Amino acid sequence: MKVKKINAVLGLLAIGLLFTHVIYEIYSYFTFYYNPKVTVIIAYGFVTCMMLHAVISMTMLGVIHDGNTIEKYPKENIRTILQRASVGGLLLLLPFHIKTGDWIAKKFGGFSFLVVLIILGVLFWAFTFIHVGASFTRALITLGIIKTSKTQKILDWIIWVICGILFLLSVFIIIKTQIALFYM
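Now for a quick tour of the structure.

### What about the packing of aromatic side chains?
For any pair of aromatic rings, the description rests on two quantities: the centre-to-centre distance and the angle between the ring planes.
Phase 1 of the analysis: What the rule picks out here adds up to nine aromatic pairs.
Phase 2 of the analysis: Measuring from centroid to centroid gives 5.5 Å for Phe 108 and Phe 113, while their planes differ by 80 degrees, and the two rings are edge-to-face.
Phase 3 of the analysis: Centre to centre, the rings of Trp 125 and Phe 129 are 5.8 Å apart; their planes meet at 25 degrees, and the pair counts as stacked. Taken together, the residues Trp 125 and Phe 129, both in helix α4 (residues 110-142) and four residues apart, mark about one turn of the helix.
Phase 4 of the analysis: Overall, Trp 125 belongs to the buried group, its relative accessible area being 7%.
Phase 5 of the analysis: Linked through ring pairs, Phe 96, Trp 103, Phe 108 and Phe 113 together constitute an aromatic cluster.
Phase 6 of the analysis: Taking the ring centre of Phe 182 as reference, the NZ or CZ of Lys 107 above it sits at 5.7 Å.

### So, helix α2 (residues 36-62)
Phase 1 of the analysis: Across its 27 residues, α2 extends 37 Å between first and last C-alpha, which sits within 8% of the 39 Å expected from 1.5 Å per residue.
Phase 2 of the analysis: At its buried positions, α2 is contacted by α1 (2-31).

### Details of the pattern of salt bridges
Phase 1 of the analysis: Using the criterion set out here, one finds two salt bridges in the structure.
Phase 2 of the analysis: In this structure, the salt-bridge partner of Asp 156 is Arg 79, at a minimum N-O distance of 2.1 Å. Separated by 77 residues along the polypeptide, Asp 156 in helix α5 (residues 149-182) and Arg 79 in helix α3 (residues 78-105) bring together distant segments of the chain. Each of the two residues, Asp 156 as well as Arg 79, counts as buried.
Phase 3 of the analysis: In this structure, Lys 99 engages Asp 102 in a salt bridge whose closest nitrogen and oxygen atoms are separated by 3.4 Å. Here Lys 99 and its partner Asp 102 are both found in helix α3, three residues apart, which amounts to about one turn of the helix.
Phase 4 of the analysis: Given the relative accessible area of 33%, Lys 99 is considered partly exposed.

Calculation criteria
Residues numbered from 1 in each chain as written. Predicted model: local features only at pLDDT ≥ 70, side-chain atom pairs only at ≥ 80, totals over all residues. Heavy atoms only, no water. Phe/Tyr/Trp six-rings, centres within 6.5 Å; stacked < 30°, edge-to-face > 60°. Helix = DSSP H or I, 4+ residues; strand = E, 2+ residues; numbered from the N terminus. Buried < 20%, exposed > 50% of the residue type's maximum accessible area, 1.4 Å probe, protein only. Lys NZ or Arg CZ within 6 Å of the ring centre and 35° of its normal. Expected span 1.5 Å × (residues − 1). Contact = heavy atoms within 4.5 Å. Salt bridge = Lys/Arg side-chain N within 4 Å of Asp/Glu carboxyl O.

This is how it looks when you write it as structure tokens:
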């Protein structure tokens, strides 16, 4: 149980750093102010927490066999299915997310590749916020912070609204700016 609690703390730290990263990037794109040092500091903190969280999660699943019976009760395990599917999508799209800015600045692949990058970017943010939405209250339950299903439902609603707003802002502002940068 100690490992699960450590993993929950890492997950919550990653969520906090992710929200900081997203809000800073939205601000940067909106104001056309960009400080690569700030982006790198936030990103490295996030990636460090995320990688530790991922390694512990995979270890719990692969070695400890925690949570490997989801196929028996899929309806009851929809959150686990969402978590695993979304993280799979994130891992596939992360390299594109990291390189998109460079490719757009260099106009690599032309307009058709820009469209592909935008579609992949929307999917990346969708997977990101689905994973956060499905995971947030689970971490709080693991840490003993949430004790009732009523509290969980309220916090679930709040986190899904926050994720929805950040998703829409990310998609709108970042795509708008990426198109503008492509034509500069």
